[in-house]
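The residues making up each chain are set out below.
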Amino acid sequence: MFDKILIANRGEIACRVAATARRLGVRTVAVYSDADAGSRHVTFADEAVRIGPAPARDSYLQGAAIIAVARDHGAQAIHPGYGFLSENEAFARTVADAGLVFIGPPPRALAAMGSKSEAKALMEKAAVPLVPGYHGADQDPGLLAAEAARIGYPVLIKAALGGGGKGMRIVTAAPQFAEMLASCKREAAASFGDDRVLVEKYLQRPRHVEVQVFADAHGNCLSLFERDCSVQRRHQKVIEEAPAPGMSAERRRAMGEAAVAAARAVGYVGAGTVEFIVDADGTFFFMEMNTRLQVEHPVTEMITGHDLVEWQLRVAAGGTLPVTQQQLAMRGHAIEARVYAENPEKGFLPAIGTLKHMSMPAAVEFRRNLDDNGFHDPAAVRIDSGVRPGDAISPHYDPMIAKLIVWGEDRAQAIARMRAALADFHIVGLANNVDFLARLMDNPAFVAADLDTGLIERERERLFAIEIRVPEDMLAAACARVLADEAAASGANGDPFDMRNGWRLNTTYSRTLTLASAHGVHDVLLDYGRDGWRYRHGGHDEALAIAAHDGSRLRLRFGHRLLTASVVRDGDDLHVFCGGRHRTLRLVDVIAHAGERDGDGAGLVAPMPGKVIAVHVAAGSQVSKGTPLLVMEAMKMEHTIVAPDDGTVDAVLYAAGEQVAEGAPLVTFARSDA
Ligand code: ADP
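Residues numbered from 1 in each chain as written. Predicted model: local features only at pLDDT ≥ 70, side-chain atom pairs only at ≥ 80, totals over all residues. Heavy atoms only, no water.

With that out of the way, let us pick up the overall build of the protein chain. A count of helices and strands for the protein chain gives 18 helices and 38 strands. In summary, the protein chain has a C-alpha radius of gyration of 28 Å against a globular reference of 26 Å for 674 residues, a match within 12%. Once the C-alpha set of the protein chain is aligned to its principal axes, its extents read approximately 90 × 65 × 60 Å. Taken across its 674 residues, the protein chain has 52% of its residues classed as buried. Within the protein chain, counting contacts between residues at least 6 apart in sequence, those at least 24 apart form 61% of the total. Accessible surface computed for the protein chain: about 28500 Å², of which carbon and sulfur atoms make up 50%. Mean positive and mean negative side-chain charge positions of the protein chain (72 and 85 charges, respectively) differ by 2 Å. (Helix = DSSP H or I, 4+ residues; strand = E, 2+ residues; numbered from the N terminus. Rg over C-alpha atoms; globule rule 2.2 N^0.38 Å. Buried < 20%, exposed > 50% of the residue type's maximum accessible area, 1.4 Å probe, protein only. Contact = heavy atoms within 4.5 Å. Areas by Shrake-Rupley, 256 points an atom, 1.4 Å probe, with all protein chains shown as cover. Lys, Arg positive; Asp, Glu negative; His and termini not counted. Charge placed at Lys NZ, Arg CZ, Asp CG, Glu CD.)

What follows deals with the site of the ligand. Neighbouring the ligand are 22 residues, the closest being Lys116, Gly165, His208, Gln232 and Glu288. A distance of 2.6 Å separates an oxygen atom of the ligand from a polar side-chain atom of glutamine 232. Between an oxygen atom of the ligand and a side-chain N or O atom of glutamate 288, the distance comes to 2.8 Å. In isolation the ligand exposes 560 Å². Once the protein is present, 95% of that is buried. For the shell around the ligand, the secondary structure elements donating two or more residues are strand S7 (155-159), strand S9 (197-201), strand S13 (270-278) and strand S14 (284-290). (Near = heavy atom within 4 Å. Polar contact = N/O pair within 3.5 Å; in protein donor to acceptor, adjacent residues only side chain to side chain.)

Now for the side chain of serine 385. Summarising the element assignment, serine 385 is placed in strand S20 (residues 381-385). We classify serine 385 as buried; its relative accessible area is 3%. At 2.9 Å, the side chain of serine 385 forms a polar contact with the backbone oxygen of isoleucine 401. If sequence neighbours within four positions are ignored, serine 385 has contacts with Glu12, Cys15, Arg40, Met360, Ile401 and Ala402.

The next point concerns the sheet that holds strand S22 (residues 400-408). With respect to topology, eight strands assemble into an open sheet ordered S14-S13-S10-S11-S12-S15-S22-S20, the strand pairing being antiparallel. At either end of the open sheet lies a strand with only one pairing partner, and these are S14 and S20. The average undirected angle you get between the axes of adjacent strands in this sheet is 25 degrees. (Pairing = 2+ DSSP bridges. Axes fitted to C-alpha atoms, helices over the stretch in contact; angles between N-to-C directions.)

Turning our attention to the environment of cysteine 578. Secondary-structure assignment places cysteine 578 in strand S30 (residues 573-578). Along the primary structure cysteine 578 and valine 567 are separated by 11 residues, whereas in three dimensions their C-alpha atoms are 8.5 Å apart. When neighbours within four sequence positions are excluded, cysteine 578 is seen to be in contact with Asp473, Met474, Thr564 and Ala565.

For the coordinates displayed, the defined rule picks out 51 salt bridges. The partner of aspartate 194 in a salt bridge is arginine 196, and the shortest N-O contact between them spans 2.7 Å. A salt bridge links aspartate 450 to arginine 205, with the shortest nitrogen-to-oxygen separation between them at 3.8 Å. Residue aspartate 450 is located in the loop between helix H14 (444-447) and helix H15 (455-458), and its partner arginine 205 is located in the loop between S9 and strand S10 (207-215); the two are separated by 245 residues in the primary sequence. Looking at aspartate 450, the relative accessible area reads 38%, which means it is partly exposed. Under the relative-accessibility criterion, arginine 205 is labelled partly exposed at 45%. (Salt bridge = Lys/Arg side-chain N within 4 Å of Asp/Glu carboxyl O.)

On to helix H7 (residues 141-151), then. Along H7, the residues classified as buried are Leu144, Glu147, Ala148 and Ile151. End-on, the buried residues of H7 take up no more than an arc of 105 degrees, which puts them together on one face. Across from the buried face of H7, at angles greater than 90 degrees, the exposed residues are Ala149 and Arg150. If you follow the buried residues of H7, they end up packed against strand S6 (133-134), S7, helix H8 (177-192) and S9. (Arc of directions from axis to C-beta.)

This brings us to the sheet that holds strand S38 (residues 667-671). Here we have three strands laid out as an open sheet, ordered S33-S36-S38, and antiparallel in their pairing. Bordering the open sheet on either side are strand S33 (622-623) and S38, each of which pairs with just one other strand. One ladder, built from five bridges, connects strand S36 (residues 647-652) with S38; its direction is antiparallel. What sits directly across from valine 649, in S38, is phenylalanine 669.

This structure, assessed with the given rule, holds 10 aromatic pairs. Ring plane angle 80 degrees and centroid distance 6.1 Å describe the contact between phenylalanine 91 and phenylalanine 102, whose orientation is recorded as edge-to-face. Of this pair, phenylalanine 91 sits in helix H4 (residues 89-97) while phenylalanine 102 sits in strand S5 (residues 101-102), and the two are 11 residues apart along the sequence. As far as the burial class goes, phenylalanine 91 and phenylalanine 102 line up, both buried. Pairing phenylalanine 348 with phenylalanine 464 gives two aromatic rings, centres 6.1 Å apart and planes at 70 degrees, and the pair type is edge-to-face. One end of the pair, phenylalanine 348, is in the loop between strand S16 (342-343) and strand S17 (349-350); the other, phenylalanine 464, is in the loop between helix H16 (460-463) and helix H17 (472-490), and 116 residues separate them in sequence. Classification of phenylalanine 348 by relative accessible area gives buried; the value is 5%. With relative accessibility at 16%, the residue phenylalanine 464 sits in the buried group. (Phe/Tyr/Trp six-rings, centres within 6.5 Å; stacked < 30°, edge-to-face > 60°.)

This part is about unusual backbone geometry. Excluding glycine, a negative phi dihedral is what most residues carry, and trans is how most peptide bonds are arranged. Cis geometry is found at the peptide bond from tyrosine 153 to proline 154, where omega equals 0 degrees. Structurally, proline 154 is set in the loop between H7 and S7. Between alanine 242 and the following residue, proline 243, the backbone shows a cis peptide bond with an omega angle of -5 degrees. Mapped onto the fold, proline 243 is located in the loop between strand S12 (236-242) and helix H9 (249-265).

A few words now on the nonpolar core. Within the largest apolar cluster, 38 residues are counted, with the highest numbers of intra-cluster contacts made by Ile239, Ile401 and Ile427. Put simply, the parts of the chain that give this core at least two residues each are S12, strand S15 (333-340), S22, helix H12 (411-423), helix H13 (434-442), H14 and H15. Ignoring anything within four residues of it in the chain, the contact list for isoleucine 427 reads Val339, Leu355, His357, Met358, Ile401, Asn432, Val434 and Phe577. If you look at the next biggest cluster of nonpolar residues, it comprises 30 residues, including Leu224, Val269, Val315 and Tyr340. (Core = buried A, V, L, I, M, F, W, Y, C linked by side-chain atoms within 4.5 Å.)

Axis separation between helix H3 (residues 63-72) and H4 bottoms out at 10 Å; the angle between their running directions is 30 degrees. Here H4 runs roughly parallel to H3, going by the angle between their axes. The way H3 lies across H4 gives a crossing that is right-handed. Between H3 and H4, the residues in contact are Gly63, Ile66 and Ile67 and Phe91, Thr94 and Val95, respectively. By residue class, the composition of the contact of H3 with H4 is four nonpolar, two polar and no charged. (Parallel < 35°, antiparallel > 145°, perpendicular 65-115°, else oblique. Left-handed = near helix turned anticlockwise from the far one by under 90°. Nonpolar A, V, L, I, M, F, W, Y, C, P; charged D, E, K, R; others polar.)

Moving on to the confidence of the model for the protein chain. Model confidence for the protein chain is summarised by a mean pLDDT of 90, while 92% of its residues fall at 70 or above. Overall, residues 366-376 carries pLDDT values under 50, and its contacts beyond four positions in sequence, including any with other chains, amount to 22 contacts. Ignoring residues within four places in sequence, the model shows residues 497-508, a span with pLDDT below 50, making 29 contacts including any to other chains. (pLDDT = per-residue confidence, 0-100.)

What follows is the structure, given as structure tokens:
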């Protein structure tokens, strides 16, 4: 085994590799960009070295610099994780030339599977079933159109070097072919530097089923069963599960054998995934091979009880696979949900920002030997994440926040555990897909395992039917949090005479809390009496008391019930998480805002992390209220920062082209009357 390895990646996969290395007694060197100097993967490794500025091309894609760090720090091998340099043949060769071990397949296997067209040609020879299509070298548009007609519409045009769901066009009829081909080629050239395409039959309601394969350098190659990754948005996976629902033992064996044949055909070594597309009748076709560890590998680990990163390290160090195909067994069902900073309601557009609050469900691990094969009871809830509360999701990298992975005796139990885990996953500060994932877990088609790649589109109406009504429990929880905070601030125990702000005393010790939500404005009447608060709103008239309070977590007595809720405060916004639901309420505090000037101080700090793209003023500039001061760009949108009042600019703290963090002061400013 190696003494020390370098991890050429970031985020959750870097943390995950470091965790296994530590368990095996292998020391780790992490590399990081300027954006990641304080990130979790850096603290997880034994050593960490800065590799360059934030953009990936200047840091995580700097192969030569990474190899130099590995050499200087005595690492014997490099683990590339996924993405970045993981499937880069030239990098794998350079690593070997430097006398180091690339923890991945041999360069020739990377090359063979690097192009979808060449991979298909190889698979054809190995008698692996292919989607009917054309993957030849001749790219004449007339020939491609003729091939499309031969295949039969609808067809899919795919960039030969494509990946990540990019460079694909569905063509439903011949007249659109030429235009779609041109647009696909443009995207392929821009994204992958190569405009070659292939054409294949576009399957209706297919499933994406992939097989995990593993090979060592001693001629052993086996399959660790399949994963179903049909639940996708924009051709990208959101939910992955193992085993694939409805898979018969016979088809599992056939797909496993086809996948092993595919790996053997290219002299594969290490972890790889053979992706198949499965027609409604169960016929399966080779799509492509991913020559690395996949994001979704944990579900396979959960059902087999094996650590695939450990296997990668052992195989790269020259060892043999620890088990044979016959010794491999699977147990139960595992589901992974990818928690992303993205906006499902806006076409799943990636989001950036700061994780002002993040609390994750507790990981539940029970490690009990079950049989002589060393099969462990897997963790019931596992979280792979590369971020901590307070970290930023930057525009530079993939906006994944965490992978939430659950295991159950069967699929129904796994879904139930996923629901519970999502209910405990609380994020405040940026758009995210947690609520969407929770709706997916409740979706009847998903629950019934009626899976295919069009599920999210087809179930649109149900999946995006967002409830805005605020349940009474959640309103009560928000009120309780406000009362608890006021009590804490005044050092009192809820005595209204000790309270400082935001309430109106009258002879009945009544006050009104006004909370605004997407549903409307809620005026809650609270009466303070000897036994605590009385809550009156919308026909409810109940006792409200705080039984326990720990930060954002509250235990309430509401009427005759005990409730648990988490209420996170972000200024005047109250994020209420209760019973698996999440609502945002704004505290409309008339008194607290009465003395404030319009726009006081606000607007001069960066509203989100981004880049300054234009500065319109300089120190000494006289401006009137509303004058544009500077323009920021974040998430491909422009935000103009304007003068909050008439006055003089003292200093402009950033120049055009500079990156700014959320909340960073941009301009200091003196009002005319100050
Ligand atoms: P990428 O490398 O960009 O991920 P893939 O070839 O793996 O591209 O395809 C991504 C997804 O596109 C698949 O999971 C599936 O949802 C869809 N897809 C690919 N090929 C077909 C096809 N022939 N018919 C229907 N859908 C397809």
